[in-house]
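Tertiary structure, described
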Amino acid sequence: MKSFSYILASSLIVSSATAFAPSPAYIATNSKLSMAATDNTEAASIPKPNPVIKLAANGMTLLKPIFGLEANLQAAVLGAISKVDKEAVASDIATLKSENDVLIYTYGLSPFSSEAVSILEATGCEFTNIELGAEWFLLGGEGSETRVALSKEVDGGATSLPKIFIGGECIGGCAELANLVENGELDERLSKLKSTKKGSSSGKPNFFTNLFA
């Protein structure tokens, strides 16, 4: 129980601290979810995952039941207010999975999302980054429904982000990506894909538009 309380308190502290961090620059688009731009920068060697971030990501699994209840309640309320079409949300995810060899859903202020994006950038692969919002507690109706829909892509139904897809398959989040790096499987998986150019996560959604979507 003490361990659970410590992890819960730690996660709330991290969320509270990041909520007041300077907002990243964003590119306003007509779409509520914006995709990352790509460039031709040469790939660097993949760095070892941050052990602290990985440990924290693994620890967050203990809070999965609580976050699961919260995510479904948030989606039910905000989704209803915004009259979000759940089938359209699921269709959008399916389309993006089929159109992108490497796809990642992130939060703008999440250290786990930032770590995962950094790992992907270091591989030199081309990828698409969909930023749902700054953090889970700042999502609008569409973002909240998308978060729940993404939880159905993984065993156990974790609602946390990032969610990473390689070749149309959801490998999980930051901890799972770090494991692939450490055991050498990430390079092997990426080598089977057509995408070779490096992707960046410069595309940002209009925060206020997304919040009240």
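Residues numbered from 1 in each chain as written. Predicted model: local features only at pLDDT ≥ 70, side-chain atom pairs only at ≥ 80, totals over all residues. Heavy atoms only, no water.

A short note on helix α3 (residues 64–82)
If you check α3, its first and last C-alpha atoms are 26 Å apart, about what 19 residues at 1.5 Å a residue would give, namely 27 Å. Every buried residue belonging to α3 is among Phe67, Gly68, Glu70, Ala71, Gln74, Ala75 and Gly79, and all of these are buried. Buried residues of α3, seen end-on, are gathered within an arc of 165° and therefore sit on one face of the element. Facing away from the buried side of α3 by more than 90 degrees, the exposed set consists of Pro65, Leu69, Leu73, Ala80 and Ile81. Next to the buried residues of α3 lie α6 (141–151). (Helix = DSSP H or I, 4+ residues; strand = E, 2+ residues; numbered from the N terminus. Expected span 1.5 Å × (residues − 1). Buried < 20%, exposed > 50% of the residue type's maximum accessible area, 1.4 Å probe, protein only. Arc of directions from axis to C-beta. Contact = heavy atoms within 4.5 Å.)

Describing unusual backbone geometry
Cis geometry marks the peptide bond from Leu161 to Pro162, where omega comes out at 15°. Within the fold, Pro162 resides in the loop between α6 and β3 (163–166). Of note in this structure, Lys83 is not a glycine but carries a positive phi near 55°. Within the secondary structure, Lys83 is located in the loop between α3 and α4 (86–99). Assessed through its relative accessible area of 75%, Lys83 is described here as exposed.

Concerning the sheet that holds strand β4 (residues 169–172)
In space, the four strands of this open sheet follow the order β2-β1-β3-β4, with mixed pairing throughout. Lying at the two open borders of the sheet, with one neighbouring strand each, are β2 (128–133) and β4. Each strand of the sheet is rotated relative to its neighbour by a mean of 25°, with strand direction disregarded. Pairing between strand β1 (residues 102–107) and β3: four bridges, direction antiparallel. Residue pairing across strands places Ile104 opposite Ile164, the latter belonging to β3. (Pairing = 2+ DSSP bridges. Axes fitted to C-alpha atoms, helices over the stretch in contact; angles between N-to-C directions.)

All quantities given are derived from atomic positions and should not be read as evidence of function.
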